[in-house]
Amino acid sequence: MKKRDLIVIISAVAFLCFLSIGTLICPDVDFSENENRYMQGVPVLSVQNLLSGDFSADSEDYLTDQIVFRESWVSGKSKMESALGVRDMNGVYICKDGRLVERITDAEFDWSQYKRNLQQMSMLKQTLEKKDIPFDVMLIPSAASVNEDVLPKNALRFDEEKAFAQAEILLGDSLVDLRSAMCGAEAEEASKMFFRTDHHWTGYGAFIGYREYEKHKGTDAESLTYEGVEPQVLTDEFQGTLYSKVLMSNLGYDTIDTPSSALDAEYMVMTDGEMHGSLYFREYLEKKDKYAVYFGGNYGRVDLSMENAKSDDEILIIKDSFANSFVPYILDEYAHITMVDTRYFREDISALAAEYDRVLVLYGIDNVAEQRMVLASGVAE
Amino acid sequence: MVFSSNVFLMVFLPVTLLIYFLVPERYLRGRNCVLLAASLVFYGWGEPKYIFVMLLSILFNYILALMIAKASTVKQSRLLLVLNVAGNLGILGFFKYTDFMIDTVNGILGGALSPLNIALPIGISFYTFQTMSYVIDVYWGKVKAQKDLIAFACYVTLFPQLIAGPIVRYSDVEAQLMARSSRSDQIAEGIRRFVLGFGKKVLLANQIYVVWKEIAVNDQLSVAAAWLGAVAYTFQIYFDFSGYSDMAIGLGKIFGFDYLENFNYPYISRSITEFWRRWHMSLSSWFKEYVYVPLGGNRKGFKRQILNIAIVWALTGLWHGASWNFVAWGVYFGIILIIEKLWLLKTLDKLPVVFRHVYSLILIVIGWVIFAIDDLGQVGTYVSMMFGAGGMLTDDAFFYFLQTRGWLLLICIVGSTQLPAKAASWVCGKLAAADQQEVISGIAEAVVLVGIMVVSIAFLVSGSYNPFLYFRF
């Protein structure tokens with residue numbers, strides 16, 4: 001027996017043993033904070049599961065989810081790829097300044113879904129115009145276009161100009177165009193609008209949205225400054241969803257902040273029928289998904305009632321999670337704020353909208369292409 | 001089950017190896033039983049119901065081969081052979097081509113027959129060809145009929161080559177089924193081959209696939225991007241399939257079987273004729289031996305030879321999948337091979353080597369585009385974009401992937417030539433002079449092999465794309 005062959009055999013056996021025995025010994029993980037999901041548990045062996053193929057699929061998921069040093073494998077892979085010049089991983093761009101930006105290519109962007117949803121918005125607009133209810137749509141430019149200058153060279157992304165042009169045609173003057181305020185800013189300014197490690201806009205980004213919305217409404221918003229709202233830091237240890245996708249350790253942390261007026265305000269919050277004293281769910285600051293400090297996540301319907309609002313107006317916001325950090329800025333301006341999330345809210349939105357003084361649709365532009373919205377009544381195709 | 005899965009690597013393989021080597025070498029039938037049982041588990045893992053199709057096929061071929069061997073007249077044995085071939089092709093045809101024929105008939109006659117939506121049993125194209133070669137060889141008297149049902153079933157189901165080849169001929173493993181030993185040099189060689197194949201599949205094929213996938217979805221492509229995408233697919237299919245063959249050959253060696261090579265650096269070919277001597281050799285030689293030669297090969301005049309080539313290549317295309325693009329792909333290569341045979345090879349021989357490589361590679365890459373896209377209309381669109389229909393020479397997609405995947409592309413290019421093998425033997429030659437060279441080279445090798453596995457598992461766990469391409473066949 002040659003020594004060389006023996007060494008090869010022994011190292012192969014040792015490696016296999018390390019993998020299988022290591023995975024066997026390591027305690028199972030129930031929930032992965034970074035992946036924000038429950039991990040596969042020990043698969044159930046039954047005749048039915050065997051025949052349906054569920055047992056084999058679950059076994060593979062179980063071993064993949066519970067493999068020894070799971071996150072080290074993933075972060076190791078990210079580092080290797082990054083060293084070899086790969087700039088997109090798991091649907092995320094690694095930018096020149098180290099920030100992470102969601103990667104949505106033209107082929108991934110669902111143009112027909114996008115157009116259909118814009119048409120829904122346009123129909124809702126017509127319905128509300130007849131009732132003299134002001135209606136606005138604020139589409140947030142993607143992080144890729146805000147941070148265009150630091151994207152990897154020749155990075156592929158969907159044609160956002162075209163998407164906004166379609167929105168302009170269908171929505172006309174109802175569109176609150178954030179592009180002039182958010183896109184093409186100086187590098188320093190642009191880098192503050194989105195989190196470095198998460199797909200959401202920051203407190204500052206949401207402030208810009210707020211200021212532009214006020215301008216659009218016709219309010220004198222020139223005097224509004226970010227310092228003026230006295231942003232308060234909720235946490236400076238935020239590592240968001242995009243971090244979780246690549247698990248690279250050199251990205252640093254993000255800061256979540258919110259206007260001080262909202263922290264001091266008195267109001268009641270109702271999330272899908274549950275009452276709370278505050279929109280800030282501080283227990284989430286101890287968890288991985290710290291953005292959920294706003295409302296504790298997303299619900300079908302959220303209602304906020306203010307004691308001493310500046311007006312008696314009631315506003316309906318049809319929204320995705322970007323609105324969660326936006327609402328604190330407008331908190332004291334309305335007697336009642338209702339937010340509905342089209343992903344979970346199954347009631348007739350156009351009938352609901354008719355009961356309000358104002359209606360705002362607020363989405364990240366790429367989210368408009370993500371799901372099918374039904375906003376106009378009686379047209380559920 | 002696939003080799004590049006965690007269930008295979010962390011449970012199936014260790015358990016199978018453990019039980020197999022616990023059975024002493026002198027109880028070979030016991031070892032065969034272990035392999036058979038393991039192979040059935042391996043096969044039935046995803047979809048248990050098709051085990052019965054395979055068991056039926058095993059029994060059918062086992063019995064008919066014995067009957068042919070015992071037949072008293074030539075007429076009788078010929079009848080049995082016809083029955084056997086018809087039976088095998090019937091099973092294959094039913095599962096693989098029924099829906100294809102229904103679609104085609106609907107297309108031609110405008111009928112509205114509804115397809116049966118038959119799921120293709122994994123590996124059926126491979127094991128049907130294996131069993132047919134066995135029975136035909138028995139008929140020809142090349143091999144004796146196998147009386148040991150376990151050994152025969154073991155030959156058909158052996159998990160290393162069960163689902164994606166190589167197509168092992170019975171005559172090549174007959175002796176090893178009845179008598180084989182475990183030698184450490186063979187096991188070590190098997191490990192080397194398996195790890196290299198694993199790395200080819202996970203690190204090269206799966207990764208370069210990303211480039212093809214992202215480029216292929218666009219309906220507007222520059223010339224450069226269209227070529228880059230096609231080249232990416234060209235590498236993907238090679239490293240995927242040859243990686244799988246490496247893993248199969250390696251696992252075979254660990255259990256004491258020597259399979260023939262299936263690939264021999266196909267992309268260094270200087271003609272398409274040469275390419276097909278280097279690509280999927282077990283399939284080409286199967287068609288040569290069991291279709292081309294029996295049809296008369298080149299012995300019945302030139303016209304007949306051309307016809308025979310045409311038949312073989314239409315069938316080769318169809319074997320790869322029940323879809324017109326595979327037929328077109330087979331016909332494409334059939335036509336090129338006939339032209340080369342007629343006059344082009346002689347002309348090529350006079351041209352500089354560089355030209356011959358470029359000629360071969362261009363035709364190979366276009367061939368893979370036909371293979372990759374299962375809609376003939378879209379094949380046309382894609383190929384036309386390769387020649388400028390997109391109206392651009394370069395675009396962002398081309399530069400982006402060149403910058404971010406340039407390294408990978410370079411590794412793929414070098415990896416499909418003999419350079420790595422030459423470099424490895426050069427290093428070994430240098431080491432041979434050193435003291436303790438056995439230990440040093442052993443450790444060096446172990447570091448490289450374990451390194452490949454570690455990196456591969458990091459990529460696997462990171463959950464990129466995984467299924468084997470050749471599953472569909």
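Note that the structure is a prediction, hence the values are computed from the model and not measured. (Residues numbered from 1 in each chain as written. Chains lettered and ligands numbered in written order. Predicted model: local features only at pLDDT ≥ 70, side-chain atom pairs only at ≥ 80, totals over all residues. Heavy atoms only, no water.)

Undergrad: Requested: an account of the overall build of chain B, with residues and values cited.
TA: A tally of regular secondary structure across chain B gives 19 helices and zero strands. Relative to a compact globule of 473 residues, whose C-alpha radius of gyration would be 23 Å, chain B shows 23 Å and is just as compact. Dimensions along the principal axes, computed over C-alpha positions, put chain B at roughly 70 × 70 × 50 Å. Looking at chain B as a whole, 56% of its 473 residues are labelled buried. Look at the contacts in chain B between residues 6 or more apart in sequence, and 76% of them connect residues 24 or more apart. (Helix = DSSP H or I, 4+ residues; strand = E, 2+ residues; numbered from the N terminus. Rg over C-alpha atoms; globule rule 2.2 N^0.38 Å. Buried < 20%, exposed > 50% of the residue type's maximum accessible area, 1.4 Å probe, protein only. Contact = heavy atoms within 4.5 Å.)

Undergrad: Residues and numbers for the overall build of chain A, please.
TA: Along chain A, the regular secondary structure elements total 14 helices and 15 strands. Projected onto its principal axes, the C-alpha positions of chain A cover 90 × 50 × 40 Å. Out of the 381 residues belonging to chain A, those deemed buried represent 55%. Nonlocal contacts in chain A, meaning residues at least 24 apart in sequence, comprise 70% of its contacts between residues at least 6 apart. If you sum the accessible surface of chain A, you get close to 17000 Å²; carbon and sulfur atoms cover 49% of it. Counting 37 positive and 66 negative side-chain charges, chain A places the centres of these two groups 8 Å from one another. (Areas by Shrake-Rupley, 256 points an atom, 1.4 Å probe, with all protein chains shown as cover. Lys, Arg positive; Asp, Glu negative; His and termini not counted. Charge placed at Lys NZ, Arg CZ, Asp CG, Glu CD.)

Undergrad: Explain the sheet that holds strand β6 (residues 135–140) of chain A to me, and be specific about the residues and the numbers.
TA: All names here are of chain A. Strand order in the open sheet made by the eight strands is β7-β6-β15-β13-β14-β12-β10-β11, with mixed pairing throughout. The open sheet has two free edges, formed respectively by β7 (175–177) and β11 (274–276), since each of these has just one partner strand. Adjacent strand axes in the sheet meet at a mean angle of 20° when their direction is disregarded. Relative to strand β12 (residues 301–306), strand β10 (residues 267–271) runs antiparallel, the two sharing five bridges. Bridge pairing links T271 to V302 in β12. (Pairing = 2+ DSSP bridges. Axes fitted to C-alpha atoms, helices over the stretch in contact; angles between N-to-C directions.)

Undergrad: Please give an account of the interface of chain B and chain A that cites residues and values.
TA: Contacts between chain B and chain A engage 47 residues on the former and 45 residues on the latter. Taking both partners together, chain B and chain A bury about 4200 Å²; carbon and sulfur atoms supply 67% of that area. Per-residue buried area on chain B facing chain A is highest for B:M10, B:Y400 and B:V461; these three make up 16% of the total on that side. Across the pair A:D5 and B:R192 runs a salt bridge, and its minimum N-O distance is 3.0 Å. When residues of the side of chain B that touches chain A are traced back to their parent elements, those giving at least two are α1 (6–22), α9 (184–216), α17 (396–415) and α19 (437–461) of chain B. Take the side of chain B that touches chain A: its biggest share by element is 16 residues, from α19(B). Of the residues in the side of chain B that touches chain A, the class split is 30 nonpolar, ten polar and seven charged. (Buried area = accessible area lost by both parts, 1.4 Å probe. Salt bridge = Lys/Arg side-chain N within 4 Å of Asp/Glu carboxyl O. Nonpolar A, V, L, I, M, F, W, Y, C, P; charged D, E, K, R; others polar.)

Undergrad: Tell me what's going on with the packing of helix α3 (residues 51–70) of chain B against helix α4 (residues 74–109) of chain B, and back it up with residues and numbers.
TA: All names here are of chain B. Running from amino to carboxyl end, α3 crosses α4 at an angle of 170°, the nearest separation of the two axes being 9 Å. Classified by the angle between their axes, α3 and α4 sit roughly antiparallel to one another. Where α3 approaches α4, its residues V53, S57, F60, N61, L64, M67 and I68 are matched on the opposing element by S77, L80, L81, L83, N84, G87, N88, I91 and F95. Here the residues of the contact of α3 with α4 are counted per class, giving ten nonpolar, six polar and no charged. (Parallel < 35°, antiparallel > 145°, perpendicular 65-115°, else oblique.)

Undergrad: How would you explain the nonpolar core if you had to name every residue and give the values?
TA: In terms of nonpolar packing, the biggest core is built from 239 residues, with A:W201, B:F8 and B:Y382 touching the most fellow members. The biggest single contributor to this core is helix α10 (residues 223–254) of chain B, with 17 residues. (Core = buried A, V, L, I, M, F, W, Y, C linked by side-chain atoms within 4.5 Å.)

Undergrad: I'd love a proper account of the confidence of the model for chain A, names of residues and values included.
TA: Close reading of the predicted structure is inappropriate where its pLDDT is low. A residue-level look at chain A finds 98% of positions with pLDDT of 70 or above and a mean pLDDT of 90. Element-level mean pLDDT values for chain A span from 76 in strand β2 (residues 37–38) of chain A up to 96 in β6(A). (pLDDT = per-residue confidence, 0-100.)

Undergrad: Residues and numbers for the environment of B:Y43, please.
TA: Residues and elements named next belong to chain B. Topologically, Y43 is positioned in helix α2 (residues 28–44). Considering only alpha carbons, one finds Y43 and M54, eleven residues apart in sequence, at a separation of 9.4 Å. Residues within four places of Y43 in sequence aside, it is in contact with Y50, I51, M54, P121, I122, Y127, L162 and I163.

Undergrad: Tell me what's going on with the packing of α2(B) against α3(B), and back it up with residues and numbers.
TA: Residue and element names in this part refer to chain B. Where α2 contacts α3, the axes come no closer than 10 Å and their chain directions differ by 135°. Judged by the inter-axis angle, α2 sits oblique to α3. Judged by residue contacts, L40, Y43 and G44 of α2 engage I51, M54 and L55 from α3. Looking at the contact of α2 with α3, its residues break down into five nonpolar, one polar and no charged.

Undergrad: So what's going on with a nonpolar patch on the surface? Which residues, and what values?
TA: Taken together, A:L84, B:W407, B:L410, B:I413, B:V414 and B:L419 make up a surface patch of nonpolar side chains, about 570 Å² in accessible area. Tallying contributions element by element places α17(B) first for the nonpolar patch, with four residues. Along the chain, B:L419 turns up in helix α18 (residues 419–431). (Patch = residues over 30% accessible without salt bridge, like charges linked within 9 Å, V, L, I, M, F, W, Y side chains within 5 Å.)

Undergrad: Can you break down helix α15 (residues 353–372) of chain B residue by residue, with the values?
TA: Residue and element names in this part refer to chain B. Taking 1.5 Å per residue as the helical rise, α15 with its 20 residues ought to reach 28 Å, and the 28 Å between its terminal C-alpha atoms agrees with that figure. Among the residues making up α15, those that are buried are R356, Y359, S360, L363, I364, V365, I366, G367, W368, V369, I370 and F371. Those residues of α15 hidden inside the fold are in contact with α10, α11 (272–278), α13 (302–320), α14 (324–350) and α16 (376–386). (Expected span 1.5 Å × (residues − 1).)

Undergrad: For the sheet that holds strand β3 (residues 88–89) of chain A, give the residues involved together with the corresponding values.
TA: Two strands in a sheet stick together by hydrogen bonds in their backbones, pointing the same way (parallel) or opposite ways (antiparallel). Residue and element names in this part refer to chain A. Ordered by their spatial adjacency, three strands build an open sheet running β3-β4-β5, and the pairing between neighbours is antiparallel. Only two strands of the sheet have a single partner each, and these edge strands are β3 and β5 (100–102). Where β3 meets strand β4 (residues 92–94), two bridges bridge the pair, whose relative direction is antiparallel. Counted as the bridge partner of M89 is V92 from β4.

Undergrad: Any chance you could break down the packing of aromatic side chains for me, citing the residues and the numbers?
TA: Residues and elements named next belong to chain B. Applying the stated rule across the entire model yields 84 aromatic pairs over all chains. Judged by centre distance (6.2 Å) and plane angle (65°), the rings of F8 and F159 are edge-to-face. One end of the pair, F8, is in helix α1; the other, F159, is in helix α7 (residues 159–162), and 151 residues separate them in sequence. Residue F159 is classed as buried on the basis of its relative accessible area, which comes to 0%. Centroid distance Y134 to F152: 4.7 Å. Interplanar angle 40°. Geometry classified as tilted. Of this pair, Y134 sits in helix α5 (residues 124–140) while F152 sits in helix α6 (residues 149–157), and the two are 18 residues apart along the sequence. A single burial state applies to Y134 and to F152, both of which are buried. (Phe/Tyr/Trp six-rings, centres within 6.5 Å; stacked < 30°, edge-to-face > 60°.)

Undergrad: How would you explain the confidence of the model for chain B if you had to name every residue and give the values?
TA: Residue and element names in this part refer to chain B. The pLDDT averaged across chain B works out to 89; a share of 98% of its residues lies at or above 70. Low pLDDT (under 50) marks residues 464–473, which in the prediction has 46 contacts with non-local residues, meaning those over four places away or in another chain. Two numbers describe this predicted complex: its pTM, 0.87, and its ipTM, 0.85.

Undergrad: Help me get a handle on a negative patch on the surface, residues and values and all.
TA: On the surface, A:D312, A:D313, A:E314 and A:D357 cluster together into a negatively charged patch. With respect to the helices and strands, A:D357 occurs in the loop between α14 (349–353) and β15 (358–364).

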